[in-house]
2 protein chains.
Amino acid sequence: MLSPEEQLHIIKSGAAQIVPESLLLEKLKKGAPLNIKLGVDPTAPDIHLGHAVPLRKLRQFQDLGHQVTLIIGDGTALIGDPSGRNSTRPQLSREKIAENAKTYVDQAFKVLDPEKTTLRYNSEWILSLGMEELLKILANFTVARILERDDFQKRYTGNLPISLHEFMYPVMQAYDSVMIKADVELGGTDQLFNLLAGRELMEKMGMEPQVCLTLPLLEGTDGVAKMSKSYGNYIGLTDEPADMFGKVMSIPDNMMVKYYRLASTCPVDQIDQIEAGLAADELHPNKVKRALARNIVAAYYSEEDAQAAEESFDQVFKNHEVPDDVPEYAADLTPNDQGKVYLAKLLVDAGLAQSAGEGRRLIDGGGVKINGEAVPAKEYNVDPVKLERAVIQVGKRKFAKLV
Amino acid sequence: MLSPEEQLHIIKSGAAQIVPESLLLEKLKKGAPLNIKLGVDPTAPDIHLGHAVPLRKLRQFQDLGHQVTLIIGDGTALIGDPSGRNSTRPQLSREKIAENAKTYVDQAFKVLDPEKTTLRYNSEWILSLGMEELLKILANFTVARILERDDFQKRYTGNLPISLHEFMYPVMQAYDSVMIKADVELGGTDQLFNLLAGRELMEKMGMEPQVCLTLPLLEGTDGVAKMSKSYGNYIGLTDEPADMFGKVMSIPDNMMVKYYRLASTCPVDQIDQIEAGLAADELHPNKVKRALARNIVAAYYSEEDAQAAEESFDQVFKNHEVPDDVPEYAADLTPNDQGKVYLAKLLVDAGLAQSAGEGRRLIDGGGVKINGEAVPAKEYNVDPVKLERAVIQVGKRKFAKLV
């Protein structure tokens with residue numbers, strides 16, 4: 001086992017805040033495995049590298065010898081938001097929640113070590129919580145304290161309604177920490193308030209409080225907006241290896257170290273060296289990015305899959321003589337009523353054809369390729385998924401990379 | 001049965017607000033017995049005429065043919081205030097609550113018609129309320145709405161803590177209305193917010209909302225401060241007839257009509273006449289007050305007891321030649337370590353003796369009377385209760401009325 005200080009160095013890698021760091025060190029010094037908590041909402045089951053950031057950090061804890069308690073917030077999700085005001089918390093049926101939870105857990109175990117993970121469903125204690133006990137819990141919080149939460153504060157001062165039951169969420173999340181006796185709770189930076197509520201409640205209920213560890217949001221492949229399915233800039237945990245590899249290769253260079261720290265399995269001391277090497281211009285960014293893409297694919301598939309993905313990537317981008325400086329075209333991939341994109345017109349917009357008519361003739365003649373594959377004759381309308389970040393080739397020399 | 005309009009006239013007598021009056025009339029027009037709700041806290045079991053004001057109004061409803069649901073808030077009381085911040089809601093044991101509730105109910109039935117009263121304990125639904133149901137209820141209220149409550153608003157703007165569980169009280173009280181399907185809820189003017197919360201919740205849960213009927217606070221015998229045990233200006237429902245009679249006789253004349261409306265069983269049309277008669281100087285205030293005192297004693301005891309009380313009152317104040325203009329003395333009745341008041345000294349303070357020594361001699365000689373009864377020799381220390389509003393007589397001609 002590593003020394004507490006060495007462990008702390010690894011744990012801090014990529015973390016936004018540790019509140020308080022001194023207590024984490026103190027807990028690590030005890031030498032016993034710590035109980036690391038992560039609470040997840042089983043509302044959006046498909047997870048991407050952004051969602052996996054805390055899972056990666058949990059895995060680091062596990063590799064250091066600690067235990068993880070993954071709390072599926074089925075109690076909270078089941079209740080949903082009956083007012084319908086908060087669209088991020090749709091009311092789900094028990095069946096749908098169970099199904100989502102299973103999908104989520106299956107994906108989470110691509111990252112976590114099942115041997116060191118305890119899975120708990122908070123419906124176990126939340127739904128059976130009696131009014132008497134609940135009121136004792138509530139008595140530990142003041143209205144002013146809960147109103148401090150950023151989103152509540154904004155809504156209250158902006159005269160936007162806050163439903164009274166919404167006040168229960170941070171409290172119930174805090175109660176989860178009490179129930180599992182968490183040593184550390186992980187969450188995004190936007191979760192700090194809720195994590196601190198857990199810390200406070202534990203303290204008020206006479207327990208050693210948890211440490212709150214927040215992790216930054218991971219930007220998507222565009223390197224600008226946070227990774228999100230709705231922004232189309234995400235790398236899904238179930239993406240095919242080749243797709244995953246290609247998507248990682250498409251991130252801006254300035255995102256590489258952050259991806260290493262938050263989304264890879266690369267040891268922290270190696271990341272430290274990579275960061276230093278890049279800063280000193282001693283490492284070639286392309287090589288570093290390739291290694292990152294390989295690492296991430298290998299983490300979710302295997303070394304062999306990673307190698308195959310790299311080869312397939314090279315096949316499209318190198319062997320098919322795609323020049324290094326392919327012009328980029330920010331394509332509008334909004335599908336039409338049939339869910340397709342009209343390729344013949346897209347060729348015109350991307351400067352690869354003079355007219356949609358020419359576009360259709362080029363397609364019919366087998367002269368249009370998407371990522372190296374010829375588009376079949378008469379297939380003028382294409383699935384937008386095929387076009388995402390695709391390289392379109394017309395004839396031998398005309399290229400456009402959709403971005 | 002009286003017409004809806006006639007009923008409304010009676011119901012409005014003494015009421016502070018009826019929200020909305022139009023709905024009450026509408027409900028009365030249906031012709032079916034209405035369900036009138038009163039929620040009570042079993043924290044202070046001994047009740048006085050001030051507490052009985054809503055009970056009197058309930059009894060009026062009963063006499064008009066309506067049904068009453070008396071809710072004992074044992075669910076809320078049991079939980080109490082775990083934070084200890086709100087001294088008005090001490091945490092009570094189940095046994096103490098049951099005991100208080102019994103004492104309360106025994107007294108309440110001195111006013112209410114048991115045949116038309118349903119007794120409910122809200123622990124029945126509150127303690128068994130599941131989290132899922134609770135959150136659905138809470139979703140009907142906004143934080144801003146609950147913060148509008150006067151005391152919450154004052155504390156929030158004054159940066160004084162409001163415990164989160166305190167937010168549950170108005171909600172649970174509102175839920176009581178839903179559970180019993182109240183048509184009308186009664187409360188003091190200070191309860192309007194809670195009554196309106198019940199109205200809102202019923203409406204949001206798709207029910208016909210209740211009408212809120214508030215009653216003013218009844219001033220105590222001093223006619224200034226609200227009737228309260230701690231101000232010593234109360235008339236208890238279990239006070240002896242003579243004491244009750246005497247206390248009513250001690251209220252200021254300008255309070256008579258209010259007492260008639262809120263504390264007597266006198267029919268409303270007669271009260272209307274009395275009010276008009278007093279205003280036109282056609283009625284003698286003393287006679288009106290005597291009738292009031294007789295009415296109140298008869299309501300809690302019997303006509304005979306009322307008559308006996310009046311006679312005893314006359315015996316002290318008239319037959320024993322107590323002059324009409326007995327000087328009043330604002331006595332300090334703070335008891336000493338033995339729980340007594342040193343009468344010998346009180347005689348001096350009231351101007352009835354020159355010294356405590358003379359006071360003791362007067363007592364020993366049988367020359368000192370309290371309310372017409374001679375104080376036994378050597379009884380220099382007297383129970384303060386005996387001295388409240390008492391007429392002290394020394395010899396034949398010296399009097400003082402303690403106020």
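Residues numbered from 1 in each chain as written. Chains lettered and ligands numbered in written order. Predicted model: local features only at pLDDT ≥ 70, side-chain atom pairs only at ≥ 80, totals over all residues. Heavy atoms only, no water.

Undergrad: How would you summarise the overall build of chain A if you had to cite specific residues and measurements?
TA: In terms of regular secondary structure, chain A is built from 19 helices and 13 strands. In terms of its C-alpha atoms, chain A occupies a principal-axis envelope of roughly 75 × 50 × 40 Å. By the burial criterion, 51% of the 403 residues in chain A qualify as buried. Partitioning the contacts of chain A with sequence separation of at least 6, the portion at a separation of at least 24 is 69%. Just so you have it, chain A exposes about 18,200 Å², and 49% of that area is on carbon and sulfur atoms. With 46 positive and 58 negative side-chain charges, chain A shows a separation of 2 Å between the mean positions of the two kinds. (Helix = DSSP H or I, 4+ residues; strand = E, 2+ residues; numbered from the N terminus. Buried < 20%, exposed > 50% of the residue type's maximum accessible area, 1.4 Å probe, protein only. Contact = heavy atoms within 4.5 Å. Areas by Shrake-Rupley, 256 points an atom, 1.4 Å probe, with all protein chains shown as cover. Lys, Arg positive; Asp, Glu negative; His and termini not counted. Charge placed at Lys NZ, Arg CZ, Asp CG, Glu CD.)

Undergrad: Would you mind going over unusual backbone geometry in detail, with residue names and values included?
TA: A cis amide bond links V19 of chain A with the next residue in sequence, P20 of chain A, at an omega value of -10°. Following the sequence through the fold, P20 of chain A ends up in the loop between β1 (17–19) and α2 (21–29).

Undergrad: So what about the pattern of salt bridges? Which residues, and what values?
TA: Counted by the stated rule, this structure contains 53 salt bridges over all chains. Residue D106 of chain B is joined to K102 of chain B by a salt bridge in which the shortest nitrogen-to-oxygen separation is 2.8 Å. A residue pair is termed a helical-turn pair when its members lie 3 or 4 positions apart in one helix, as D106 of chain B and K102 of chain B do in helix α5 (residues 94–108) at four residues. Assessed through its relative accessible area of 42%, D106 of chain B is described here as partly exposed. The residue R389 of chain B makes a salt bridge to E388 of chain B at a minimum N-O spacing of 3.5 Å. Beyond isolated ion pairs, a larger network of salt bridges with shared partners links K27, K30, D183 and E208 of chain A. (Salt bridge = Lys/Arg side-chain N within 4 Å of Asp/Glu carboxyl O.)

Undergrad: Just give me the short version of the environment of L134 of chain A, but keep the residues and values in it.
TA: On the secondary structure map, L134 of chain A appears in helix α7 (residues 131–138). Accessibility expressed as a relative area gives 3% for L134 of chain A, which makes it buried. Ignoring sequence-local partners within four residues, the contact set of L134 of chain A consists of L129 of chain A together with M131 and L134 of chain B.

Undergrad: Run through the sheet that holds strand β10 (residues 373–374) of chain B, naming residues and quoting values.
TA: With mixed pairing, the five strands of this open sheet are ordered in space as β7-β13-β12-β9-β10 (chain B). Each of the sheet's edge strands pairs with one partner strand only, and the pair in question is β7 (328–329) and β10 of chain B. (Pairing = 2+ DSSP bridges.)

Undergrad: Which residues make up the sheet that holds strand β7 (residues 328–329) of chain A, and what values do they have?
TA: Taken together, the five strands give an open sheet; going across it, the order is β7-β13-β12-β9-β10 (chain A), and neighbouring strands pair in mixed fashion. Taken across any chain shown, the strands that pair with only one partner, and hence form the sheet edges, are β7 and β10 (373–374) of chain A.

Undergrad: So what's going on with the interface of chain A and chain B? Which residues, and what values?
TA: Chain A puts 33 residues into the contact, and the matching count from chain B is 33 residues. Summing the contributions of chain A and of chain B, the shared interface buries around 2,900 Å²; its carbon and sulfur component is 76%. There are zero salt bridges connecting chain A and chain B. In this assembly, chain A and chain B are joined by six residue pairs in polar contact (both at pLDDT 80 or more). Broken down by secondary-structure element, the contributors of at least two residues to the side of chain A that touches chain B are α4 (74–79), α7, α8 (143–147) and α10 (168–180) of chain A. Counting residues per element, the side of chain A that touches chain B draws most heavily on α7 of chain A, which supplies six residues. (Buried area = accessible area lost by both parts, 1.4 Å probe. Polar contact = N/O pair within 3.5 Å; in protein donor to acceptor, adjacent residues only side chain to side chain.)

Undergrad: Tell me about the side chain of Q210 of chain B, residues and numbers included.
TA: Residue and element names in this part refer to chain B. Tracing the chain through its elements places Q210 in the loop between α11 (192–204) and β6 (211–215). Residue classification places Q210 among the buried residues on the basis of a relative accessible area of 0%. In this structure the side chain of Q210 is engaged in a polar contact, spanning 2.8 Å, whose partner is the side chain of S177.

Undergrad: Before we move on, can you summarise the relation of the copies chain A and chain B with the specific residues and values?
TA: Between chain A and chain B, which share one sequence, the superposing operator has a rotation angle of 178° and an axial displacement of 0.1 Å; the RMSD is 0.4 Å. The transformation relating the two chain copies, once decomposed into turn and shift, fits a two-fold axis. Rotation axis and chain A: the residue whose C-alpha lies nearest the axis is G130 of chain A, separated from it by 3.3 Å. Of the interface residues in chain A, 100% have counterparts in chain B that sit at the interface too, so the contact is made through matching surfaces. (Least-squares fit on C-alpha atoms with pLDDT ≥ 70 in both.)

Undergrad: If you had to explain the pairing of strand β13 (residues 398–402) of chain B to someone new, which residues and values would you point to?
TA: Residue and element names in this part refer to chain B. The buried fraction of β13 is high, at four of five residues. Two strands pair when backbone bridges link them, and β7 and β13 are joined in this way by two bridges, in the parallel orientation. Residue pairing in the sheet places E328 in a bridge with K401 of β13. In this structure, strand β12 (residues 391–394) lies alongside β13, joined through four bridges in antiparallel fashion. When the sheet's bridge partners are listed, I392 is paired in β13 with A400. What sits between β12 and β13 in their antiparallel hairpin is a turn of three residues, with G395 showing a positive phi close to 65°.

This is a description of form; function is not addressed.
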